Amino acid sequence: MDGQVISNAFHHTYWGFPLALYFWLVGGSAGSFVVSTLGWVFGVKKYKPIAFFASNTAIAMLMVVPLLLITDLGKPFRFFHLLMLPSFSHWSAPMVWGATFILTYPIGMAFYSYFVYYKNERMARICGILAIVLALCTHWYTGVVMQLNPSRLPNHASVAPILFLTGAYISGIGLLNILLWIRNRFVNTKKRVRTSILADMGRLMLYGIVFDLFLLGNEFLQMTYGIGEEHTILYDVLLGPFRWPYLYIEIIWGLLLPLVILAIPRINRLRYWVLAASFMCATGVFGMRVWWVMATQYYQGHF
Amino acid sequence: MAGRTYGYNGVPPSKGKKGLKRYAMVVDLRRCTGCNACTAACKTAYDVPLGDWRIWVMEAETGEFPKTKRHVLPRMCNQCDQPTCVRNCPTKATFKHPDGFVLQRYNRCIGCRTCMVACPYNARHLLTDHRRDKRNPRNVADKCDFCIVRVTRGLTPICVASCTGGAMVFGDINDPDSEVARIVAANKTFTLRPEQGNAPQVYYIGLNEPIADPEFAFHHRSEQLHDRYNTFKRNSELGEELAGNIIDTDTGFFGIAKQGVHNMINFIATAPAKFFRGLF
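Fair warning: this is a prediction, and the values are worked out from it, not measured in the lab. (Residues numbered from 1 in each chain as written. Chains lettered and ligands numbered in written order. Predicted model: local features only at pLDDT ≥ 70, side-chain atom pairs only at ≥ 80, totals over all residues.)

Participant: What should I look at first to understand the sheet that holds strand 1 (residues 4-7) of chain A in this one?
Facilitator: Working definition: the strands of a sheet are paired by backbone hydrogen bonds and lie parallel or antiparallel to each other. One open sheet accounts for 3 strands, arranged 1(A)-2(B)-3(B); its pairing is antiparallel. Lying at the two open borders of the sheet, with one neighbouring strand each, are strand 1 of chain A together with strand 3 (67-76) of chain B. Across the sheet, the mean angle from the axis of one strand to that of its neighbour is 30°, orientation sign disregarded. With 3 bridges connecting them, strand 1 of chain A and strand 2 (residues 55-64) of chain B associate as antiparallel partners. Residue pairing across strands places Q4 of chain A opposite E61 of chain B, the latter belonging to strand 2 of chain B. Contacting strand 2 and strand 3 of chain B, helix 1 (residues 37-46) of chain B crosses the sheet at an angle of about 160° to strand 2 of chain B. (Pairing = 2+ DSSP bridges. Helix = DSSP H or I, 4+ residues; strand = E, 2+ residues; numbered from the N terminus. Axes fitted to C-alpha atoms, helices over the stretch in contact; angles between N-to-C directions. Contact = placed C-beta atoms within 7 Å.)

Participant: Would you mind going over the interface of chain A and chain B with me for this structure?
Facilitator: It is common to give the size of an interface as the accessible area lost on bringing the parts into contact. Residue-level contacts link 53 residues of chain A with 70 residues of chain B. Broken down by secondary-structure element, the contributors of at least two residues to the side of chain A that touches chain B are strand 1, helix 1 (17-40), helix 3 (94-117), helix 7 (228-238), helix 8 (243-263) and helix 9 (271-300) of chain A. Among the elements that take part in the side of chain A that touches chain B, helix 9 of chain A stands out by supplying 5 residues, more than any other. Its residues assigned to classes, the side of chain A that touches chain B comprises 27 nonpolar, 21 polar and 5 charged. (Nonpolar A, V, L, I, M, F, W, Y, C, P; charged D, E, K, R; others polar.)

Participant: Whenever I open this one, the confidence of the model for chain A confuses me. Can you help?
Facilitator: The predicted coordinates ought not to be read in detail in places where the model reports low pLDDT. A residue-level look at chain A finds 99% of positions with pLDDT of 70 or above and a mean pLDDT of 93. Of all helices and strands in chain A, the one with the weakest mean pLDDT is helix 7 of chain A (90), whereas helix 8 of chain A scores best (96). (pLDDT = per-residue confidence, 0-100.)

Participant: What's the story with the sheet that holds strand 10 (residues 202-205) of chain B in this structure? I'm lost.
Facilitator: Residue and element names in this part refer to chain B. Taken in spatial order, the 4 strands make up an open sheet running 8-1-10-9, and their pairing is mixed. Each of the sheet's edge strands pairs with one partner strand only, and the pair in question is strand 8 (168-172) and strand 9 (189-190). In this sheet, strand 10 lies alongside strand 9 in antiparallel orientation, the contact comprising 2 bridges. When the sheet's bridge partners are listed, F190 is paired in strand 10 with Y204. Those strands touched by helix 6 (residues 179-186) are strand 1 (23-28), strand 8, strand 9 and strand 10, and its axis lies near 110° from that of strand 8.

Here is the structure:
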């Protein structure tokens, strides 16, 4: 239809970069913790030496989260309203579930770290199982917070939480790889993490990248069969204002290049190539958080 | 739809139920002149801050000269029977009144803006810290409440009272003798974005459906409107706190990075003020 809108109200993008950064940090924390539990919970012994560091990294990343979230509120000192179940907070709102998870998840991790430090195998396993469930729930809910907005495409898709979790997994491993490499420069030779461990984590990241691309491909296919709104979002993220966060940073920089690096047998066990792939993954997922949070709000801001 | 009862804090939709009121509004677009009297009256009555609207008039032009047509579309909260904002609000700050109003409790709201993201009609806004009267609510979500303060005293909402063309009709749609019920029964009415399943209770007569679509608003915005929107994003005081506005004339790598950094710096710079500008 020909015509143009000549006057309308202006609307803000109500959730912006701080929320994207929050999703990224929670994801990094969850991904780190998954690696941490591989040794003590799932019995992969080679990852045991890095469990304590990975768990503490996850706790440190999660420490920043409440600061971001509370500061982002219009009334920061009212954050406790979220925790006053059953009369005050609203059980059907995903944000209330999230507040519960964010509160309990670091406690679970702290107990896990404690028992790992004292090498209490049984208790570390129990706390690890509890904390890994909470880690997954914490990041699952961030996907759900975006998913349960029916008018916001493409957020309103059942694949959203899985996409978030996969992004968390790869960005968490990527961040942990880089931090372990930095740590290696400050600790004595005995405590250094071997390059083979970093390379093995790169392999874990590779599986995550393949799965992430598979999910994004499915999402893309569905969007191409959509109605006008889906096409508008596709335009925004492929050619429009969000082409850098989506196409260049997430897809090419964050997924395809690391995929190539980690899939080539000659270089996928070399330290600096693995670290380069880790850096790309970790930063690429931030691009995903940015477009996922902001693209649809930007587009509907004109309505 | 009839079986869905979640998200209302125990208040099911009252439309069509005997003994319950269901306030609704009909906007006859054939009579609307686009004079914005409703916007001005509402702004004045509720001290709606600069850059926010409880009701506004969307205007569009279609056709080519000399066969052109001006369309107007007053927009406000649709007081949905299935309100996503109520379901997603984490603190029960927004709730469904038994008579159909969707209301906001300012003292509960934490300003998380979930409701604004959930609303398909962009009908909600965050109140700024700088109000004309400092006793008015600040930094919390706000929306059109169908002027419940006036309605409970037997008056119509102020937009209806100020409508110069008599295009807006307000009343209890459950009462078959009310004007609003008779108009809805006698005319073909439309609602905005019915596919969202929110069961909106603002009905339009003579709605040009393609215009009432976010996709149209995005692809067919005039250049002046586009420029004004970017100017609004650059200058809005609230935009600095919310840190998500993208100025779409500068979206290359450095443009996006610069805006991201700029937004985060603004966010951090306004953070101390947020904590000290009123504890609760």
